[in-house]
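Coordinate analysis (summary)
One-letter residues, chain by chain:
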Amino acid sequence: MSSTIPRIRRFGLRHFICAVLSAAALLAAGVSPVAAAGPTQAEFDALKARVQETQDRQEIQQLIVEYGHLLDTHDLVGYSNLFAREGEWIGGFGTAKGPKAILAMMNKYIGTSPFDPKNVKGFHLLTNIIIHLDGDRATAWSRIIYMTRNQDNKPVPAMGGHYDDTLIREDGHWKFLRRVVMMEIPFQDPRDIKGEPPPPPVSGP
Amino acid sequence: MSRVRLKLAAVFMAGVAAGLCTVAVPGGRDADAGRLQRVEDRQQIEELLAEYGATLDRHDFEAFGRLFTEDAVYGGGRGEPTRGRAAIQAALEKSIASNPAHLPAPDFHVFFNPSIRIEGDRATAQSKGAYAVPDARTPGGAQMMFFSVYDDVLVRRGGRWLFQQRTLHSTMPPAAQK
């Protein structure tokens, strides 16, 4: 302070105040439009909703791919947990409801042998995913080609078709509420198995 | 330091501060909104590529036509490219109904490897696709044929991404086997 005050005196208090005021004015001019242009609550909510929708789509895509990966690597417990508490699997093995029942069904048909990466029986190719979001629910349609090893030790498509899914956000995670496995080549409508009445159609394409 | 210099320094610093405030804050917000927009665009374009197969597979040619702009160009194969939404819709409907390759039913499209570059309201994409059909050699079996590369130009029209140009290049099997 002892050195500043004489310096201010030397340059003149008037000029110093002038400089400080002009700086303040420029700062204010620069800052005030920013403050005025800050997002309104409505803008913020709209942005938040877009981020949420983007994340939801990505998580559902991930769920659909995880389904194949966990089956391919024989992680049937992880697989069964992709289903909601009331989640249903409807496919060539029949129908099962809830992770426990789905696990029991897959253990029965796929077996409990550990995954052997040197002796892979087959794997899922999952593509063409189309998702329709509706809050905490969604529907999805996607393609499946199941590849197997043929007699010449080459990968060949064994069957192909599509999945009709209904998804639900449960405890913050997207899960299958209903998955219908529709094989087209060779054709097999799992809803025809055991003469069960067909379920209501899943919306979307 | 002269009075003029002191004044100039103050004005300069104020200017820097003001510049930082005006550029950094709203620029950051616009940049964030732009990043979100590009992620959304990518998702919508991926779904457009899937819808191409889904609409054809269920023979919904009207919905198929709506994936193209009015002035779209659809090319590939041997002939001249097809121009215009209505012509493209009619051409694909005719091609699938007439089944020139005599494919046994059922059949469907599968797509892979989408590579998408977005520039504002325009994008280019390259992706691969194949056709799944029953395999006559193994009862109940499937086979994949007509592996293709798709070269696309996409545009945003009325908030939706559409094909403005789609060009198919066949890769396998060679043309002689078709």
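Every value quoted in this text rests on a predicted model; they were computed, and no experiment measured them.

Comments concerning the overall build of chain A
Tallying secondary structure elements over chain A gives five helices and seven strands in all. Listing the helices and strands of chain A from first to last along the sequence gives α-α-α-α-β-β-α-β-β-β-β-β. Expressed as a percentage of the 205 residues in chain A, the buried residues total 26%. Contacts in chain A between residues far apart in sequence, at least 24 positions, make up 51% of those at least 6 positions apart.

Section: the overall build of chain B
Check the secondary structure of chain B and you find three helices and six strands. When the helices and strands of chain B are placed in sequence order, the string is α-α-β-β-α-β-β-β-β. Taken across its 178 residues, chain B has 24% of its residues classed as buried. In chain B, of all internal contacts separated by at least 6 residues, the share reaching a separation of at least 24 is 46%.

A look at the nonpolar core
Membership of the largest hydrophobic core comes to 58 residues, with the highest contact counts inside it found for Ala140 of chain A together with Ile45 and Ala132 of chain B. Counting residues per element, this core draws most heavily on helix α1 (residues 3-57) of chain B, at seven residues. Not counting residues up to four positions away in its chain, the partners in contact with isoleucine 45 of chain B are Ile116, Ala123, Ala125, Leu154 and Trp161 of chain B.

Quick word on the environment of tryptophan 89 of chain A
Residue and element names in this part refer to chain A. Residue placement: tryptophan 89 occurs in strand β1 (residues 83-91). By C-beta crowding, tryptophan 89 is classed as buried, having 26 other C-beta atoms within 10 Å. Residues tryptophan 89 and glycine 135 lie 46 residues apart in sequence; the distance between their C-alpha atoms is 22 Å. Beyond its immediate sequence surroundings of up to four residues, tryptophan 89 is in contact with Phe83, Thr95, Ala96, Ile102 and Arg179.

What about helix α5 (residues 99-110) of chain A?
All names here are of chain A. Taking 1.5 Å of rise per residue, the 12 residues of α5 would be expected to cover 16 Å, and the 16 Å separating its terminal C-alpha atoms lies within 8% of that figure. Listed as buried for α5 are Pro99, Ile102 and Met106. End-on, the buried residues of α5 take up no more than an arc of 60°, which puts them together on one face. Those residues of α5 that are exposed and aimed more than 90 degrees away from the buried face are Lys100 and Lys108. Packed against the buried residues of α5 are α4 (76-80), β1 and β2 (94-97).

Examining the environment of glutamine 58 of chain A
Residue and element names in this part refer to chain A. Along the chain, glutamine 58 turns up in helix α3 (residues 41-72). Taking the number of C-beta atoms within 10 Å as the measure of exposure, glutamine 58 has 14 and is therefore partly exposed. For the pair glutamine 58 and isoleucine 131, spaced 73 residues apart in sequence, the C-alpha separation works out to 9.9 Å.

Brief notes about the pairing of β2 of chain A
Residue and element names in this part refer to chain A. Across four bridges, β1 lies against β2 in antiparallel orientation. Considered in β2, the bridge of glutamate 88 is made with lysine 97. Here β1 folds back onto β2, and the loop between the two strands holds two residues.

Considerations on the confidence of the model for chain A
Here chain A averages 83 in pLDDT, while 76% of its residues score no lower than 70. Every residue in residues 195-205 of chain A scores below 50 in pLDDT, and together they form 17 contacts with partners more than four places removed in sequence or on other chains.

Conventions adopted
- Numbers given for residues are sequential positions, taken from 1 along each chain in its written order.
- Both sets of labels track the order of writing: A upward for chains, 1 upward for ligands.
- Where local features are concerned, this predicted model is filtered to residues with pLDDT of at least 70; where side-chain atom pairs are given and counted, the filter is 80 or more; whole-chain, interface and lining totals use all residues.
- Numbering of helices and strands runs from the N terminus; a helix is a DSSP stretch of H or I covering at least four residues, while a strand is a stretch of E covering at least two.
- Residues with at least 20 neighbouring C-beta atoms inside 10 Å of their own are called buried, those with 12 or fewer are called exposed, and the rest are partly exposed, where every C-beta is derived from the backbone.
- Here, residues touch in the contact sense if the C-beta positions derived from the backbone fall within 7 Å of one another.
- As used throughout, a nonpolar core is a set of buried Ala, Val, Leu, Ile, Met, Phe, Trp, Tyr and Cys residues joined through C-beta atoms within 7 Å of each other.
- Expected span of a helix: the number of residues minus one, times 1.5 Å.
- Picture the helix axis, draw a direction to every C-beta atom, and the arc is the one those directions span.
- Note on pairing: DSSP must find at least two bridges between two strands before they are called paired.
- Residue-level confidence of the predictor, termed pLDDT, takes values from 0 up to 100.

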